[in-house]
Amino acid sequence: MSSFVGVLVSDQWLQSQFTQVELRTLKSKYVSERTQSGRVTVGILPPIFKKLKAFAELFTEDEIKDILAESYQDMDEEIDFESFLRAATTTFHHAINESEKASYVAHINSYLAEDKFMQQFLPMDPSTNALFDLATDGVLICKLINVAVPGTIDERAINTKRVLNPWERNENHTLGLNSAKAIGCTVVNIGTQDLVEGRIQLLADLNLKKTPQLVELVEDDKDVEELVSLAPEKVLLKWMNFHLKKAGYQKQVTNFSSDVKDGEAYAYLLSALAPEVSGPSALATSDPTERANMVLEQAEKLDCKRYLTPKDIVEGSPNLNLAFVAQIFQHRNGLTVDSKKMNFAEMMTDDAQTSREERCFRLWINSLGIATYVNNVFEDVRNGWVLLEVLDKVAVGSVNWKLATKPPIKMPFRKVENCNQVIKIGKDLNFSLVNVAGNDIVQGNKKLLLAFLWQLMRFTMLQLLKNLRSHSQGKEITDADILNWANNKVKRAGRTSQIDSFKDKNLSSGVFFLELLSSVEPRVVNWSLVTKGETDEDKKLNATYIISVARKLGCSIFLLPEDIIEVNPKMILVLTASIMYWSLQKPEENVTSEASSPVANETEGENETDVTNEVSNLAIEENEAEA
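Residues numbered from 1 in each chain as written. Predicted model: local features only at pLDDT ≥ 70, side-chain atom pairs only at ≥ 80, totals over all residues. Heavy atoms only, no water.

### Let's talk about the overall build of the protein
(1) Moving on: Within the protein one finds 33 helices and 0 strands.
(2) Moving on: Buried positions account for 52% of the 627 residues belonging to the protein.
(3) Moving on: Taking the contacts inside the protein whose residues are at least 6 apart along the sequence as the reference set, 63% of them involve residues at least 24 apart.
(4) Moving on: For the protein, the accessible area works out to roughly 28900 Å², and carbon and sulfur atoms hold 49% of it. (Helix = DSSP H or I, 4+ residues; strand = E, 2+ residues; numbered from the N terminus. Buried < 20%, exposed > 50% of the residue type's maximum accessible area, 1.4 Å probe, protein only. Contact = heavy atoms within 4.5 Å. Areas by Shrake-Rupley, 256 points an atom, 1.4 Å probe, with all protein chains shown as cover.)

This is how it looks when you write it as structure tokens:
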């Protein structure tokens, strides 16, 4: 694995605002200034920020000074590195398009208006920085995630006191960011934007599973396979062009900016979808702003919320125009129900277990930060390129890029070559790949793909644990080591639950995992919310709570409550290993203070030898911070 040491920030939300390249640049600037001047104050930040490319393109030095003056009363105030980063984010916030900010605020005011906790802060005024102020405690991002994908976060796990301490705010940000990854958000530099603008929510139905009528957009089986692999934004464009062609519009819309600025495409689209609310007047006018206003008035009659203005259309705001088209799709998609095509679409969907595993691996791959974004595992990995990117990420240097072909790949044998290298690397990593060839991946053999991806995910988790050793003796971490660690951890904390394996049916109640989470961080579980896990409803409550509590600690996991309830051994292993990885990164003083109960003290001696041989000497090497 890589020996790279990243720049770490204690505030998870703050860290998410920057890439590692940006953090290293800012750290260098901060250290340099402190070395030269002996201290870093707010007053000396404008000339420093002005030299940075991201700021130079947006602000003058005086403008940066005025922006900082709004947030800091004393420009001679000395600041540490994290305050330095916060000052940078304060300045960046002013670069956000005011129309987009107004749209985000309107979205929040609308969808969270009835939320019991958020009511006290709403409605927000878009002309102020209330949006960014509200985001600082992490509750907003958690609430927006549940608006986008209901049930993702167990809201019992959110810290919602009126005044939160830094630890509680950090927990909320960690919970929000790990949950954002679990619904498909790219969390480097997201802030709250992907969630605030409602992108996930608006695009949620743009797939065959949710809207099988989309199959009408394609002609044959091959096109359906292509449709499955398209990003939601691309599906939306395909849908839009499908109706525009039928309406007689001569141009092809390829983006949500320059191609829709004149409003003509919208006028044709609404004419095709909702002739009862549209008319010839929008096309008759030669003024783009007037046409845009007519289009918005027509869309409002379809109950599309007005989050953008005629100016936003004319100026080609890509985010707001995307949201507008997605709203039209939600309210009037204009697709028919062709029984023959619908049956074919249903055949393309997978059973529940396969769908859950595909979802888990897709989200995991996208969380690794590779260049390619995966929309559908079974389609997107068939050319071998994505798998090579993942392998190079988790086993650095394993890929011979000179022998790889980057998409788009026209020659089928090049895909086979890529996949053959994937299989070769897999065998080098001791994966079980008997009678498996590269062509099996090219052909999209789902069973083999899921088996390979599971071994890849398991290898990554075990390598992370192995690389935590401060004095590695070369011993590989095994599934048995993880099982023993979990049982010992729970026992030493004075709890009674134990499991025989990751297939143990007793795990379905959720009690063992809650005791494990409590043993690694006693304050994180609110036992008044925990049930005995005897009924199906109680098991679901516990399982949902477990996932949110684990993410709140810092575990990056992608399983669903059903995986715990049904005791899916693969997902159970990953959950346990993730908790173990988080626990072993804790500072020594925190670890030693965990076993404070009388029972723990009695058992500590007898367990210490086993734990020492396996994992007690593990300590964090920051080289895996990015994972």
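### Describing unusual backbone geometry
(1) Moving on: Residue Pro-123 is reached from Leu-122 by a cis peptide bond, and omega for that bond is 0°.
(2) Moving on: Note on placement: Pro-123 falls in the loop between helix H7 (98–111) and helix H8 (130–135).
(3) Moving on: Note the cis peptide between Pro-407 and Pro-408, where omega equals 0°.
(4) Moving on: Positive phi, normally seen in glycine, also occurs at Asn-435, with a value near 60°.
(5) Moving on: Not every positive phi belongs to a glycine, and Val-567 is a case in point at roughly 55°.
(6) Moving on: Its place among the elements puts Val-567 in the loop between helix H30 (561–565) and helix H31 (569–584).
(7) Moving on: Residue classification places Val-567 among the buried residues on the basis of a relative accessible area of 5%.

### What to know about helix H14 (residues 232–247)
(1) Moving on: The first and last C-alpha atoms of H14 sit 23 Å apart over 16 residues, in line with the 22 Å expected at 1.5 Å per residue.
(2) Moving on: Of all the positions in H14, only Val-235, Leu-236, Leu-237, Trp-239, Met-240, Asn-241, His-243 and Leu-244 are classed as buried.
(3) Moving on: Looking one or two residues beyond H14, the residue adopting positive phi is Gly-248, at roughly 90°. (Expected span 1.5 Å × (residues − 1).)

### Digging into the pattern of salt bridges
(1) Moving on: Applying the stated criterion across every chain yields a total of 18 salt bridges.
(2) Moving on: With a closest N to O distance of 3.6 Å, Arg-39 and Asp-76 form a salt bridge. With Arg-39 in the loop between helix H2 (20–37) and helix H3 (45–50) and Asp-76 in the loop between helix H5 (61–71) and helix H6 (81–93), this residue pair connects regions lying 37 residues apart in the sequence.
(3) Moving on: Among the residues examined, Arg-39 registers a relative accessible area of 33% and is labelled partly exposed.
(4) Moving on: For the salt bridge of Asp-479 with Arg-458, the shortest nitrogen-to-oxygen distance reads 2.9 Å. In this pair, Asp-479 is assigned in helix H27 (residues 479–492) and Arg-458 in helix H26 (residues 446–466), connecting sequence segments 21 residues apart. (Salt bridge = Lys/Arg side-chain N within 4 Å of Asp/Glu carboxyl O.)

### Topic: the side chain of Thr-285
(1) Moving on: The topology assignment puts Thr-285 in the loop between helix H16 (281–284) and helix H17 (288–300).
(2) Moving on: You can call Thr-285 buried: its relative accessible area is 11%.
(3) Moving on: A distance of 3.3 Å separates a polar side-chain atom of Thr-285 from the backbone nitrogen of Asp-287.
(4) Moving on: Discounting chain neighbours no more than four positions away, the residues touching Thr-285 are Glu-290, Arg-291 and Met-294. (Polar contact = N/O pair within 3.5 Å; in protein donor to acceptor, adjacent residues only side chain to side chain.)

### Some details on the environment of Thr-289
(1) Moving on: Within the secondary structure, Thr-289 is located in helix H17.
(2) Moving on: Relative accessible area serves as the criterion here: at 38%, Thr-289 is assigned to the partly exposed category.
(3) Moving on: Spatially, the C-alpha atoms of Thr-289 and Asp-262 are 7.9 Å apart, while their sequence positions differ by 27 residues.
(4) Moving on: Dropping the residues within four chain positions of it, Thr-289 is found in contact with Pro-310 and Val-314.

### Looking at the environment of Ala-395
(1) Moving on: Examined against the element boundaries, Ala-395 turns out to sit in the loop between helix H23 (385–394) and helix H24 (412–428).
(2) Moving on: Here Ala-395 falls in the buried class, since its relative accessible area comes to 10%.
(3) Moving on: C-alpha separation for the pair Ala-395 and Gln-463, spaced 68 residues apart in sequence, amounts to 9.1 Å.
(4) Moving on: Each residue touching Ala-395, except ones within four places of it in the same chain, is listed here: Leu-429 and Phe-459.

### Points about the packing of aromatic side chains
(1) Moving on: Counting across every chain of the model gives 11 aromatic pairs.
(2) Moving on: Consider the rings of Tyr-249 and Tyr-268, whose centres lie 5.1 Å apart with planes at 50°: the pair is tilted. One end of the pair, Tyr-249, is in the loop between H14 and helix H15 (264–273); the other, Tyr-268, is in helix H15, and 19 residues separate them in sequence.
(3) Moving on: Plain terms: the ring middles of Trp-385 and Trp-401 are 5.0 Å apart, the flat faces sit at 55° to each other, and that makes the pair tilted. Here Trp-385 is found in helix H23, whereas its partner Trp-401 is found in the loop between H23 and H24, with 16 residues between them in sequence.
(4) Moving on: Its relative accessible area of 13% is what places Trp-385 among the buried residues. (Phe/Tyr/Trp six-rings, centres within 6.5 Å; stacked < 30°, edge-to-face > 60°.)

### Points about a negative patch on the surface
(1) Moving on: A surface patch of like charges, here negative, comprises Glu-61, Asp-62, Glu-63, Asp-66 and Glu-70.
(2) Moving on: Following the sequence through the fold, Asp-62 ends up in helix H5. (Patch = residues over 30% accessible without salt bridge, like charges linked within 9 Å, V, L, I, M, F, W, Y side chains within 5 Å. Lys, Arg positive; Asp, Glu negative; His and termini not counted. Charge placed at Lys NZ, Arg CZ, Asp CG, Glu CD.)

### Section: the packing of H15 against helix H19 (residues 318–331)
(1) Moving on: Orientation of H15 relative to H19, taken along the N-to-C sense of each, is 10°, at an axis distance of 12 Å. As the angle between them shows, H15 and H19 are arranged roughly parallel. Along its contact with H15, which presents Tyr-266, Leu-269, Leu-270 and Leu-273, the element H19 presents Asn-321, Phe-324, Val-325 and Ile-328.
(2) Moving on: Taken together, the residues of the contact of H15 with H19 break down into 7 nonpolar, 1 polar and no charged. (Axes fitted to C-alpha atoms, helices over the stretch in contact; angles between N-to-C directions. Parallel < 35°, antiparallel > 145°, perpendicular 65-115°, else oblique. Nonpolar A, V, L, I, M, F, W, Y, C, P; charged D, E, K, R; others polar.)

### As for the packing of helix H9 (residues 139–148) against helix H10 (residues 166–182)
(1) Moving on: Orientation of H9 relative to H10, taken along the N-to-C sense of each, is 30°, at an axis distance of 8 Å. Between H9 and H10, the angle falls in the class roughly parallel. For the element pair H9 and H10, the recorded crossing hand is left-handed. Side by side, H9 and H10 meet where Val-139, Ile-141, Cys-142 and Ile-145 of the first sit next to Asn-172, Leu-175, Gly-176, Leu-177, Ser-179 and Ala-180 of the second.
(2) Moving on: In terms of residue class, the contact of H9 with H10 is made up of 7 nonpolar, 3 polar and no charged. (Left-handed = near helix turned anticlockwise from the far one by under 90°.)

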